[in-house]
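Close look at the chain arrangement
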Amino acid sequence: YWRQVKVIHKVTLNNIYRCNTSVVYQNLVHEFGPLFPSFSLGECLKLFITPQKLEDAIPPTNQTRFIKAVIWMLQRNLLVQLHQFVYFVPHLTNSENVNEIIESLNDGPSKAYLLFVRLIPYFNGKITLQEMMWRENIDYATLQKVISKFSSVLLCTMHEAVADTDSFCLRK
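Below you will find a few notes about this structure. Note on numbering: residues in each chain are counted from 1, in written sequence order. It should be noted that, the model being predicted, local features are given only for residues of pLDDT at least 70 and side-chain atom pairs only at 80 or more, the latter also being counted only at that level, while totals for whole chains, interfaces and linings use all residues. Hydrogen atoms and water are omitted, and side-chain values are computed over all heavy atoms in the structure.

**Thoughts on the overall build of the chain**
Each helix and strand in the chain was counted, giving nine helices and seven strands. To get the radius of gyration, use the C-alpha atoms; to get the globule rule, take the number of residues to the power 0.38 and multiply by 2.2 Å. Here the C-alpha atoms of the chain give a radius of gyration of 20 Å, more than 25% beyond the 16 Å that 2.2 N^0.38 yields for 172 residues. C-alpha atoms of the chain, sized along the principal axes, occupy 65 × 45 × 30 Å. Each residue's exposure class comes from its accessible area (1.4 Å probe, protein chains only) as a fraction of the maximum for that residue type: buried when under 20%, exposed when over 50%, partly exposed otherwise. Across the 172 residues that make up the chain, the buried fraction comes to 35%. Two residues qualify as a contact provided that any one of their heavy atoms is within 4.5 Å of a heavy atom in the partner residue. Taking the contacts inside the chain whose residues are at least 6 apart along the sequence as the reference set, 72% of them involve residues at least 24 apart. Note that accessible areas follow from Shrake-Rupley with a 1.4 Å probe, and for residues the cover is restricted to the protein chains shown. When the accessible surface of the chain is totalled, it reaches about 10900 Å², and 55% of it is carbon and sulfur. What counts as a helix is a DSSP run of H or I of at least four residues, what counts as a strand is a run of E of at least two, and both are numbered from the N terminus.

**Points about the nonpolar core**
Within the largest apolar cluster, 23 residues are counted, with the highest numbers of intra-cluster contacts made by F116, F123 and L154. Per-element tally for this core: the top contributor is helix α6 (residues 111–119), with four residues. Excluding its chain neighbours within four sequence positions, the residues that come into contact with F123 are V86, Y87, F88, F116, M132 and L154. Residues enter a nonpolar core if they are buried and are Ala, Val, Leu, Ile, Met, Phe, Trp, Tyr or Cys, with the set joined through side-chain atoms within 4.5 Å.

**Notes on the pattern of salt bridges**
Salt bridge, as applied in this entry: a Lys or Arg side-chain nitrogen positioned within 4 Å of an Asp or Glu carboxyl oxygen. One pass over the structure, following the stated rule, counts seven salt bridges. Between R18 and E160 there is a salt bridge, with its nearest N and O atoms 3.4 Å apart. Of this pair, R18 sits in strand β2 (residues 16–19) while E160 sits in the loop between β6 (154–159) and α9 (162–165); the two residues are 142 residues apart in sequence, bridging distant segments of the chain. Owing to a relative accessible area of 22%, E160 belongs among the partly exposed residues under this scheme.

**Concerning helix α4 (residues 63–75)**
Across its 13 residues, α4 extends 18 Å between first and last C-alpha, which sits within 8% of the 18 Å expected from 1.5 Å per residue. Residues F66, A69, V70, W72, M73 and L74 constitute the buried set of α4. Buried positions along α4 lie against β2, α1 (29–35), α2 (41–46), α3 (54–57) and β4 (79–88). Just beyond α4, the residue with positive phi is N77, at close to 65°. To estimate how far a helix should extend, the number of its residues minus one is multiplied by 1.5 Å.

**Re α6**
If you check which residues of α6 are buried, you get Y113, L115, F116 and L119. Taken around the axis of α6, the buried residues stretch over an arc of 165°, which confines them to a single face. Every exposed residue of α6 that faces more than 90 degrees away from the buried side is listed here: K111 and L114. On its buried face, α6 is in contact with β4, α5 (98–104), α7 (129–136), α8 (140–149) and β6. Each C-beta atom gives one direction from the helix axis, and the arc is the one those directions make.

**Remarks on the environment of Q75**
Take Q75: it is sitting in helix α4. A relative accessible area of 44% means that Q75 is categorised as partly exposed. Spatially, the C-alpha atoms of Q75 and I8 are 7.4 Å apart, while their sequence positions differ by 67 residues. In this view, Q75 contacts K6 and I8; residues no more than four positions away in its chain are not counted.

So yeah, pure geometry; function would need other evidence.
The following block contains the structure:
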C-alpha cells in the first residue's frame, strides 16, 4: 500500500505560515484538544489567517507547547509554510537585450554587482531565498542588500514551494 509523506522544513521563528484554506479542520478538533489543552484549534488557526511569522504569533506563555501545536498543524496540512522567491524582470525596450540591461546595472566592480550577476540564475521564481543562501554560502543580510540594490529589476514574492505542495509517496 501507499503512504504519503509530508516534508516539513525546519521550524524557525522567522518562518512564515498561513492557514491552509482548502482543508476541513473540524474533524481534527477532538484530536487537538487533549494534546494542547491550553489552546483552541480555531484560535490557533485564526493567528495564521493572514501570513504570519512564527515569532509574531507565539504567545508570551506556553511558547514550547505552542510550537509543538504549530508542528502538529503542519503535519496535518492545516498550516502551510510560505517561502520567498525572486524574479528577474528587466524592462526591455526594442533595442536592448537582457545582457545589456545587466551590464547597465554595473556601477563599477562592486561586490554587490558581482553577487547579483552570480545570483541571476536563481531569480526565476522557483528557488527559495533559503536555498540561494545555502547554495551560494551567503547570509540573509547580504542577499537582502543585493535584492534591495537591484530592486528596479527584481520582483519579490511569497508562496508555497512547489515541493511543499507535491505529495511524496513511499511504497511499503
